[in-house]
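Next come the chains, spelled out residue by residue.
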Amino acid sequence: MTRLIVVSNRVALPRDRSARAGGLAVGVLSALKRSGGIWFGWSGETSESPAPQPKVMKSGGITYATIDFTAEEFDAYYNGYCNSTLWPLLHYRLGLVEHSRQHQDAYMRINARFADHLAAMVRPGDVIWIHDYQLMMLPGELRLRGLRNRIGFFLHIPLPGPEIFCALPAHKQLMGSLAECDLVGFQTESDLRAFRDYAQYESGGSLRPDGAIEMFGRRLRAGAFPIGIDVEEMKSLAAEAEGDEEVRRLAHSISSRQLVIGVDRLDYSKGILNRIDAVGELLTTRPDYRNRITFVQIAAPSRIDVARYKKLRREIEGCAGRVNGKHAEIDWVPVRYLNRVFPRRQLAGFYRVARVGLVTPLRDGMNLVAKEYVAAQKPNDPGVLVLSRFAGAARELKGALIVNPFDQVEMAEALDQALRMPLTERQDRWRKLMGALQRNDLATWSDSFLDTLNTSERAAA
């Protein structure tokens, strides 16, 4: 049986796996459990002298292999190139891009080290599935080491068009590496179009009538494979969590008010500041909502060593304080901001009691919070999803209220519409949304990508 080799920046080890496991971890585990294989990546730890060989453990038919970084490598590769250069660039934020050749070189070295370790593990016939922007140089490095296995790469975050991507000094190296894949996958048709545009207009390549792409002297396939969620799991978690203490406390504290909820990782791409301002706009233009709604924004800490994220946290706290200072009453504050992590089960319970899910990123590859919010709702009394047009999920979730997150007035109007929406319309929209989730769940995503990879014509040498 063909082994699957999954490679990602982080590995969700069995002993560390929490109820917070996200889409990548859940989807990867589902695929690995079916075929068996190896999950390889960084351990999440730094060491003064990393071991020359990966640490290996086995569980449930899966081999987990991890390596450490030095603190200096972590800072230059992860905090530096991955999150201060690639992350803002790929989220269309050129003004936030910080680039240094030192960080770029560290990124190249780490990708080369991944390839060194993988080359020693891979057998002929193994299928290699590489994940996300931290490892864009890995396909090319594997080919340099003589591997002729099928290689697939999936980008979980957006890909901007060439006019933005080419601002990256190493854009040719990264795209040349992706050209060494047999299949490159993206979240949306928009991301796929950006990749095709690069192939045609920057690499001097072409699009073949059979759908293949030629670039940098290679032939490969690319497609859109929007990631889904485990719908039944989220439904069960939400129903079970209704009795949890934290969920009961939230419901009791809201009392007869309507709950609006936002759940994100703390990041400037998520549009949290714009969202809080939209709540303030609603309360200013519709003062009848005072003491009738509560907005809870949960923002899990992220990249706490990066100065920009420390600054963002202060800005969000200040923004929430301004809205509360203007609109709060002696027994009510409109915005509750929590900068902490909650288990997935509790979040599912929070979603279930929220009348509105406010998911308004400025740019997002997919955004699984939107899908989880929908799956967690009560069928007989569902809430309403307000969703940014710039989230990949907006292409599928047509039953949501779609908004421009840069337009506070439009977001405030959508909140008003959601809060006033009659039950029959909420139910109709929810059924439409659930249909989309069930047609393209997490298993569909991984199966579709791997089936396409396994049946693709091999890339030209």
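Residues numbered from 1 in each chain as written. Predicted model: local features only at pLDDT ≥ 70, side-chain atom pairs only at ≥ 80, totals over all residues. Heavy atoms only, no water.

A. A look at the nonpolar core. Ranked by internal contacts, the top residues of the largest apolar core, which has 96 residues, are V7, Y107, F165, L174 and F195. Sequence-distant contacts of L174, that is, excluding residues within four places in its chain, are made with L86, Y107, M108, M136, M137, F165 and L168. One finds I298, A348, Y351 and L433 within the second-largest nonpolar core, a separate group that totals 65 residues. (Core = buried A, V, L, I, M, F, W, Y, C linked by side-chain atoms within 4.5 Å. Buried < 20%, exposed > 50% of the residue type's maximum accessible area, 1.4 Å probe, protein only. Contact = heavy atoms within 4.5 Å.)

B. Region of the structure containing the side chain of E141. Following the sequence through the fold, E141 ends up in helix 4 (residues 138-144). For E141, a relative accessible area of 13% corresponds to the buried category. Polar contacts involving the side chain of E141 include one to the side chain of R145, which spans 2.7 Å. Setting aside anything within four residues of it in sequence, one finds E141 in contact with N111, A112 and A115. (Helix = DSSP H or I, 4+ residues; strand = E, 2+ residues; numbered from the N terminus. Polar contact = N/O pair within 3.5 Å; in protein donor to acceptor, adjacent residues only side chain to side chain.)

C. Seen up close, the packing of aromatic side chains. Within the structure shown, the criterion is met by 23 aromatic pairs. Seen in terms of ring centroids, F154 and W445 are 5.3 Å apart; in terms of plane orientation they differ by 75°. Their pairing is edge-to-face. Note that F154 is positioned in strand 6 (residues 150-154) and W445 in helix 16 (residues 442-455), a separation of 291 residues in sequence. Side by side, F154 and W445 carry an identical accessibility label, which is buried. Between F154 and F449, the aromatic rings sit 6.1 Å apart at their centres with planes inclined by 90°, giving edge-to-face as the arrangement. Of the two residues, F154 sits in strand 6 while F449 sits in helix 16, which places them 295 residues apart along the sequence. Since its relative accessible area comes to 0%, F449 is described here as buried. One aromatic cluster in this structure is built from F40, W42, F69, F74, Y77, Y78, Y81, Y107 and F114. If you follow R10 out to its NZ or CZ, it ends over the ring of W42, 5.3 Å from the centre. Of note, R363 hangs over the ring of Y92, and the distance from its end group to the ring centre comes to 3.8 Å. (Phe/Tyr/Trp six-rings, centres within 6.5 Å; stacked < 30°, edge-to-face > 60°. Lys NZ or Arg CZ within 6 Å of the ring centre and 35° of its normal.)

D. Layout of the sheet that holds strand 11 (residues 258-265). The 6 strands lie next to each other as 13-12-11-14-15-16, forming an open sheet whose pairing is parallel. For this open sheet the edge positions go to strand 13 (335-338) and strand 16 (401-403), each flanked by a neighbour on one side alone. Neighbour-to-neighbour, the strand axes of the sheet open up by a mean angle of 20°, direction not taken into account. Pairing analysis gives 8 bridges linking strand 11 to strand 12 (residues 293-300), with the strands arranged parallel. Note on strand 12: the bridge partner recorded for V263 is I298. Lying over the sheet, helix 14 (residues 408-420) contacts strand 11, strand 12, strand 14 (356-359), strand 15 (384-388) and strand 16, oriented at roughly 170° with respect to strand 16. (Pairing = 2+ DSSP bridges. Axes fitted to C-alpha atoms, helices over the stretch in contact; angles between N-to-C directions.)

E. View of unusual backbone geometry. Not every positive phi belongs to a glycine, and D132 is a case in point at roughly 80°. You can see D132 is positioned in the loop between strand 5 (127-131) and helix 4. Even without a glycine there, the phi angle at N291 is positive, about 65°. You can see N291 is positioned in the loop between helix 10 (272-285) and strand 12.

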